[in-house]
Structure formats: structure tokens, C-alpha cells
Amino acid sequence: EAGVTQFPSHSVIEKGQTVTLRCDPISGHDNLYWYRRVMGKEIKFLLHFVKESKQDESGMPNNRFLAERTGGTYSTLKVQPAELEDSGVYFCASSQEGAEARASYNEQFFGPGTRLTVL
Amino acid sequence: KNQVEQSPQSLIILEGKNCTLQCNYTVSPFSNLRWYKQDTGRGPVSLTIMTFSENTKSNGRYTATLDADTKQSSLHITASQLSDSASYICVVRVAGTALIFGKGTTLSVSS
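Read on for a plain summary of the structure. (Residues numbered from 1 in each chain as written. Chains lettered and ligands numbered in written order. Predicted model: local features only at pLDDT ≥ 70, side-chain atom pairs only at ≥ 80, totals over all residues. Heavy atoms only, no water.)

For the rest of this paragraph, the subject is the overall build of chain B. Regarding its fold elements, chain B presents 0 helices and 11 strands. For 111 residues, the compact-globule estimate of 2.2 N^0.38 gives 13 Å, and the C-alpha radius of gyration of chain B, at 13 Å, lies within 12% of that figure. Along the longest, intermediate and shortest principal axes, the C-alpha atoms of chain B span 40 × 25 × 20 Å. Considering chain B as a whole, with its 111 residues, one finds that 45% of them fall into the buried category. Roughly 5200 Å² of accessible area belongs to chain B as shown, and the carbon and sulfur atoms make up 49% of that amount. (Helix = DSSP H or I, 4+ residues; strand = E, 2+ residues; numbered from the N terminus. Rg over C-alpha atoms; globule rule 2.2 N^0.38 Å. Buried < 20%, exposed > 50% of the residue type's maximum accessible area, 1.4 Å probe, protein only. Areas by Shrake-Rupley, 256 points an atom, 1.4 Å probe, with all protein chains shown as cover.)

All names here are of chain B. For Ile12, the location among the structural elements is in strand 2 (residues 10–14). With a relative accessible area of 68%, Ile12 lands in the exposed category. For the pair Ile12 and Ser110, spaced 98 residues apart in sequence, the C-alpha to C-alpha distance is 7.3 Å. Non-local contacts of Ile12, meaning those with residues more than four positions away in its chain, are made with Ser108 and Ser110. (Contact = heavy atoms within 4.5 Å.)

A few words on the pairing of strand 6 (residues 56–59) of chain B. All names here are of chain B. The sheet contact formed by strand 6 and strand 7 (residues 62–67) spans 4 bridges and is antiparallel. Among the inter-strand pairings, Ser58 is bridged to a residue of strand 7, identified as Thr63. Between strand 6 and strand 7, which pair antiparallel one after the other, the connecting turn spans 2 residues, and Gly60 there sits at a positive phi close to 65 degrees. (Pairing = 2+ DSSP bridges.)

The next point concerns the pairing of strand 1 (residues 3–7) of chain B. Residues and elements named next belong to chain B. Every second residue of strand 1 is oriented toward a common face, the buried set being Val4 and Gln6 and the non-buried set Gln3, Glu5 and Ser7. Bridging between strand 1 and strand 3 (residues 19–26) involves 5 bridges; their strand directions are antiparallel. Paired with Gln6 across the bridge in strand 3 is Cys23.

A separate point is unusual backbone geometry. Trans peptide bonds make up most of the peptide bonds, and negative phi angles are found at most residues other than glycine. With an omega of -5 degrees, the peptide bond running from Phe7(A) to Pro8(A) counts as cis. Residue Pro8(B) is reached from Ser7(B) by a cis peptide bond, and omega for that bond is -10 degrees. Position of Pro8(B) among the secondary structure elements: in the loop between strand 1 and strand 2. A positive phi angle, close to 60 degrees, is found at Lys71(B), a residue other than glycine.

Any functional reading would require information that these geometric values do not contain.
Shown next, in the form of C-alpha cells:
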């Protein structure tokens, strides 16, 4: 079974340009998460989809970031316009929709990440 | 403030030796604690997940402990192998969905 995939693996863009990252979760996983790690810092939560709905977007840094998950399958994260501080590795993760009793486990499977460099 | 602190920041050991990585957290309300292994260029992969009622959990040569009273966890690696070289990340889940990540410990196993 294929794991979580992300595209592209690397992206180098200039400040002010637009970049769109894509995540394909494990088939059948209703939950999809976006995370980001900037250099020297820990991985931080950006947002969480349940199917096509945004469950929690409290980690989105500002309105230059737009995440979508049309149809509840793959997701895109667009940064427009990109700034220098947006550089980092963007991870996507997915998990199954568990029963309430098991919800606390909710193991998340991570993709390999997209390394974004804004020059 | 929800925080996860890991030590040491980096560690170098010889192949075959054991090591222990530490994690202290201040997270509330606590749901569970996870240890992930992240190889260079890859995403994190789960090693163990423990709730507050679990004191220890093993996964092969990896053994995680949790002391919910002192809010400390450790990951013990036995008989290290070259393939254990990676970043080990302690992650605490806040009740709900949010995961709070530590910065990780970079382990290098040399022959």
C-alpha cells in the first residue's frame, strides 16, 4: 500500500512568487494534516482536514497560506506571495477516522515532506 | 505554554552500544506521547505511542518509558545499529488533535 506522497520534493522560488504544494494521503484516510519545520525549530502544526472540511486551521501563519482539499482526497497548500520566512520543510500526514474510544491514538503517517526555499 | 524539550540535542555512539534519549513536556491537557524516528530526507515514522496509564512500551530494540507525574519520557535504544542514525522526535498530543513536537535528538551511530 502506498504511503503519504508529497509533490514536489523540493521547490526553490523567489520572494513574491506563488508555490503550490500537493499531498496525497493514504487511501481511505479521512484526516489530513499539514505541518511545517523551519530551520532550527521544531515541527509545527498548520491545519487539519476531516474529509474536505477544515477541522482546525489555528496553526496557519497568515492569509498568504491557503489550503484546500476538494473532494476529500488530495490536498494542496498554496503560498502566495511567498516570503523569505516561509522557507522550510512542509510535511503532510494522514490518519484514519477512528472510533471515539481509539481517537486518542489516531496514528498519523507522514509524507517525506517538501523542502521550500524562498530566495 | 505547551512545550516539549528534548535532550541531548545530539549524540554520537559506537555501534552495539545502548543509549537513552530524554523528553520533558509541559502540555495540558495531555492525551498521549509519541516517539518518532526521522531519517534524513524522510518524514517522521512512529516508534511508540503511550497514554498516561502506560509506563513502558517496546518496539523491537526501542523501549519508551513515560512518567506522567513528572512529565518525563525516555527512549532507550539497545544494541545500536548503523541504521539507527536518525533524528528522534518526542511528540505530545494535546487532547483533541494538536501535536506538540520537540526539536529532536540527532543520533549518529558509528562503526
